[in-house]
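Close look at the chain arrangement
These are the residues of each chain, in order.
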Amino acid sequence: MLTIYGALRSRATRPIWLLYETGTPFQHVPVIQSYRLPDPHAPDAPLNTASADFLAINPQGLVPAMLDGDLLLTESLAITYYLARKFGGDLAPRDAAEEGQAVQWALLGATAVEGPALDIAQAHAKGTADTPEGNALITARTEALARPFARIEAHLQGRDWLVGDRFTVADIVLSECVRYAMAQPGIYDAWPALKAWLARCHARPGWQQMWAARNAEPA
Ligand SMILES: N[C@@H](CCC(=O)N[C@@H](CS)C(=O)NCC(=O)O)C(=O)O
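Residues numbered from 1 in each chain as written. Predicted model: local features only at pLDDT ≥ 70, side-chain atom pairs only at ≥ 80, totals over all residues. Heavy atoms only, no water.

Further remarks concern the site of the ligand. In the region of the ligand, the neighbouring residues are S10, R11, Q33, S34, Y35, T49, G61, L62, V63, P64, E75 and S76. Here a nitrogen atom of the ligand sits 2.8 Å away from a polar atom, N or O, in the main chain of V63. In the model, a nitrogen atom of the ligand is placed 2.7 Å from a nitrogen or oxygen of the E75 side chain. Look at the ligand: alone it shows 520 Å² of surface, and the protein chains cover 77% of it. Along the lines of polarity and charge, the residues of the shell around the ligand split into four nonpolar, six polar and two charged. (Near = heavy atom within 4 Å. Polar contact = N/O pair within 3.5 Å; in protein donor to acceptor, adjacent residues only side chain to side chain. Areas by Shrake-Rupley, 256 points an atom, 1.4 Å probe, with all protein chains shown as cover. Nonpolar A, V, L, I, M, F, W, Y, C, P; charged D, E, K, R; others polar.)

What follows is the structure, encoded as structure tokens:
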């Protein structure tokens, strides 16, 4: 059976959101990040990214990972694009031009948005956002987001979705990168089309289902 490894407080949200959108059955193994545990090797530790059983699946010790029959995929974007192609119907690109656009948005997310947005999320999660160092970091990361956000903002003028006038896998993977910054009040205010698009993404039934499941997991 199709199996996704990775707790939902991780990049596993991406493939799992897509699977919820499509109603595809799968087994979810909520492997937790080892750094979230006091002792990942304790006998009573839950399955985690440093567990021998998980390293036998992904020796890199990162989630998400996916097994579909004999096919092992790691890297959340590759997994999500594969699942879109196999189960996603119109969530997948329809032709070469759409494929190029979808890959473009995924790479923009991974290379220009994810890092700075994650730093902002972590500053809030660690409670350092309101310290002078935290403030300086958030200012710098917000500046780093300005150029990719400007690109997304310009593209979304007169459009609801990134590719092909419909919700696709590109919206899933890019919006999940953009979401990481949302703990910072007002971060999207300079980008109204991006902000409205993110709200549309979060109104999707698959995102709602994924978010409820994520919030039910231990913090
Ligand atoms: N580029 C990878 C990054 C995977 C990654 O960094 N996963 C984190 C959780 S979101 C992880 O497993 N961390 C565990 C660790 O660092 O030990 C992807 O997109 O799948």
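Having seen the structure, we can now continue with the description.
Further remarks concern the packing of helix α1 (residues 13–22) against helix α3 (residues 76–87). Packing of α1 against α3 leaves a shortest axis separation of 8 Å and a crossing angle of 15°. On the basis of the axis angle, α1 is roughly parallel to α3. Relative to α3, the crossing made by α1 is right-handed. Judged by residue contacts, R14, P15, L18, L19 and T22 of α1 engage S76, L77, I79, T80, L83, A84 and F87 from α3. Here the contact of α1 with α3 is composed, by residue class, of eight nonpolar, three polar and one charged. (Axes fitted to C-alpha atoms, helices over the stretch in contact; angles between N-to-C directions. Helix = DSSP H or I, 4+ residues; strand = E, 2+ residues; numbered from the N terminus. Parallel < 35°, antiparallel > 145°, perpendicular 65-115°, else oblique. Left-handed = near helix turned anticlockwise from the far one by under 90°. Contact = heavy atoms within 4.5 Å.)

Looking down a regular strand, the side chains alternate between one sheet face and the other. Inspection of the sheet shows strand β1 (residues 3–5) paired to strand β3 (residues 65–68) by three bridges, in the antiparallel sense. When the sheet's bridge partners are listed, I4 is paired in β3 with M66. Relative to strand β4 (residues 71–74), β3 runs antiparallel, the two sharing four bridges. Looking across to β4, one finds that D68 is bridged to L71. Linking β3 to β4, which pair antiparallel, is a turn of two residues; within it G69 sits at a positive phi near 65°. (Pairing = 2+ DSSP bridges.)

To continue, consider the environment of E153. The topology assignment puts E153 in helix α5 (residues 132–155). Placed 141 residues apart in sequence, E153 and A12 show a C-alpha to C-alpha distance of 26 Å. Apart from the residues within four sequence positions on either side, E153 is in contact with W191, P192, A193 and L194.

A few words on α5. Under the 1.5 Å per step criterion, the end-to-end length of α5 is 35 Å for 24 residues, consistent within 8% with the ideal 34 Å. When the local axis directions of α5 are compared, the greatest deviation, roughly 35°, occurs at A146, which is followed within four positions by the proline P148. For α5, the set of buried residues is G134, I138, L145, P148, F149, I152, E153 and H155. Residues of α5 that are buried make contact with α4 (96–125), α6 (169–179) and α7 (192–202). (Expected span 1.5 Å × (residues − 1). Bend = angle between axes of the 7 residues up to and from the residue. Buried < 20%, exposed > 50% of the residue type's maximum accessible area, 1.4 Å probe, protein only.)

Along its sequence, the protein chain is organised into domain 1 (3–91) and domain 2 (96–204). Taking the mean C-alpha position of each, domain 1 and domain 2 sit 22 Å from one another. Taken together, the contact between domain 1 and domain 2 spans 13 residues of the former and 21 residues of the latter. Across the domain 1/domain 2 interface, buried area totals approximately 1,500 Å², and carbon plus sulfur atoms make up 59% of it. It is R14, W17 and Y81 in domain 1 that bury the most area against domain 2; as a group they hold 44% of the surface buried on that side. For the pair domain 1 and domain 2, the number of links is four salt bridges. Here R85 and E99 are joined by a salt bridge, their closest N and O atoms 3.1 Å apart. On the surface where domain 1 and domain 2 come into contact, there are nine residue pairs in polar contact (both at pLDDT 80 or more). Tallied by class, the residues present in the side of domain 1 that touches domain 2 amount to six nonpolar, two polar and five charged. (Domains from an automatic or database assignment. Buried area = accessible area lost by both parts, 1.4 Å probe. Salt bridge = Lys/Arg side-chain N within 4 Å of Asp/Glu carboxyl O.)

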